[in-house]
Amino acid sequence: MFTSGNTSPCHHSLHLFVKTDESQQAGIVQKLSDQALTPAGEAFYHAIRPLIRQIHLLTAHADQRFSHALRDIRFGTILPINYESNLTSNLAQLVAGWQHAYPHQNLLISSGTAEDLFRDLKSATLDIILTDTTVSTDVFEKRDLFASELVLAGPARVVGPTASVPDLLAAHPIAVPSLKSGLRQSVWKTLETVISFENTQPVIVEVDALPIMLRLILDHGYLCVLPQDAIKNLTARIGWLPLPYQPKVSMRLVWPRMPKARQAADRIITLLGYAPTGEDGSTPERTMDTSFQKPAMASCSKMETF
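A. View of the packing of helix H2 (residues 86-101) against helix H8 (residues 259-271). Look at H2 against H8: their axes get within 9 Å of each other, and the N-to-C directions meet at 110°. With respect to their mutual orientation, H2 and H8 come out roughly perpendicular. For the element pair H2 and H8, the recorded crossing hand is right-handed. On H8, the residues that touch Gln93, Leu94, Gly97, Trp98 and Ala101 of H2 are Ala264, Arg267, Ile268 and Leu271. Of the residues belonging to the contact of H2 with H8, the class tally is six nonpolar, two polar and one charged.

Structure representation (structure tokens):
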């Protein structure tokens, strides 16, 4: 089909790129140059030109998606209880600080239950998550960030300083997070230290959304075991009592043992006022107080929140 020489006016160079599933960038390049097309070759070339254009369109989209996957950080978090909680404040600080520190890298934030977050982390849908669930460090790396004491919360007219925690739990319905929530583990363990389930059968309702739990307290007289941080600005309407052994729930970052995720974790930890993790996975002490300082520039123009 091809003869030597470069005398035909239809002198062309054809580059075919075959993407592999493994690299998505490295290709096999075939270059046909300095060849004069025969009539049959010229007819073949014009016949496949539409196919070549279509391949270029398809690979261009793949290149763009692959570039975004390399650049973007997909960050998942449990749902904040309300806009005044420490978690909400930390997330807002992170978004504003990230834009200032890394304006060319998007931080894509999504939220869900602990179960959903771990599923997406294992499937690589997310790069890093913030959760209140206990983690196996054999599979993931983690870093505890902050903690809040668990307290018994209820209507202020019922939960007073002289009330008995066991008597209250026996006399009122209790709302607990669902099994999908990481908080459920801590809440249930705490209830087992106070209630004898063999002798008492309290009314227990599972609720996925913590804001609904707050409304159950305010409007329907329910009791809940909640982080004290969740009700710190609602004490005029919600009363609370400390629990035996002062149980706490910790918020922690969790990420797979991969360079991209570790770098993202170090950046998030630093922006939230902690020292980055060490190469051996060590966790230095925090370098700033929980009342975070505002960055010099705060903008969310590069952020996406799903």
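B. Representation of the confidence of the model for the protein chain within the structure. Of all residues in the protein chain, 73% attain a pLDDT of 70 or more, and the chain-wide mean is 76. No element of the protein chain has a lower mean pLDDT than strand S14 (residues 304-305), at 30, and none a higher one than strand S5 (residues 73-77), at 95. Within the model, pLDDT remains below 50 along residues 279-306, and this stretch shows 51 contacts once partners closer than five positions in the same chain are excluded.

C. Region of the structure containing the pairing of strand S6 (residues 107-111). Note: S5 against S6, five bridges, orientation parallel. Pairing of Phe75 across the sheet is with Ile109, part of S6. This β-α-β element, S5 to H2 to S6, shows right-handed connectivity.

D. Looking closely at the environment of Ser196. Along the chain, Ser196 falls in the loop between helix H5 (182-194) and strand S10 (204-207). Taking the relative accessible area as the measure of exposure, Ser196 reaches 34% and is therefore partly exposed. Ser196 sits 26 residues away from Ala170 along the chain, and the two C-alpha atoms are 9.8 Å apart.

E. Just unusual backbone geometry, in detail. Unusually for a residue other than glycine, Ala124 sits at a positive phi of about 70°. Even without glycine at this site, Tyr245 takes up a positive phi of about 70°. Here Tyr245 lies in the loop between strand S12 (238-242) and strand S13 (248-256).

F. Examining the pattern of salt bridges more closely. Applying the stated criterion across every chain yields a total of nine salt bridges. One salt bridge connects Glu206 with Arg184, and the closest N-O pair in it is separated by 2.8 Å. In this pair, Glu206 is assigned in strand S10 and Arg184 in helix H5, connecting sequence segments 22 residues apart. Among the residues examined, Glu206 registers a relative accessible area of 46% and is labelled partly exposed. Judged by relative accessible area, Arg184 falls into the buried class, the value being 11%. Note that Asp219 and Arg215 form a salt bridge whose closest N and O atoms lie 2.9 Å from each other. Highlighted residues: Asp219 and Arg215, both in helix H6 (residues 210-220), separated by four residues, approximately one helical turn. Residue classification places Asp219 among the partly exposed positions, given a relative accessible area of 42%.

G. Broad picture of the nonpolar core. In this structure, Leu152, Leu169, Leu226 and Ile231 are the most contacted members of the largest nonpolar core, which totals 35 residues. Elements supplying a minimum of two residues to this core: strand S8 (140-155), helix H4 (165-171), strand S9 (174-177), H5, H6, strand S11 (223-227), helix H7 (228-231) and S12. Top contributing element to this core by residue count: H6, with six residues. For Leu169, the contacting residues outside a window of four places in its chain are Leu152, Ile174, Leu191, Val194, Ile195, Pro202 and Leu223. Residues Ile73, Ile128, Leu130 and Val254 belong to the second largest nonpolar core, which totals 32 residues.

The rules behind these values
Residues numbered from 1 in each chain as written. Predicted model: local features only at pLDDT ≥ 70, side-chain atom pairs only at ≥ 80, totals over all residues. Heavy atoms only, no water. Axes fitted to C-alpha atoms, helices over the stretch in contact; angles between N-to-C directions. Helix = DSSP H or I, 4+ residues; strand = E, 2+ residues; numbered from the N terminus. Parallel < 35°, antiparallel > 145°, perpendicular 65-115°, else oblique. Left-handed = near helix turned anticlockwise from the far one by under 90°. Contact = heavy atoms within 4.5 Å. Nonpolar A, V, L, I, M, F, W, Y, C, P; charged D, E, K, R; others polar. pLDDT = per-residue confidence, 0-100. Pairing = 2+ DSSP bridges. Right-handed = clockwise from strand over helix to strand, strands pointing away. Buried < 20%, exposed > 50% of the residue type's maximum accessible area, 1.4 Å probe, protein only. Salt bridge = Lys/Arg side-chain N within 4 Å of Asp/Glu carboxyl O. Core = buried A, V, L, I, M, F, W, Y, C linked by side-chain atoms within 4.5 Å.

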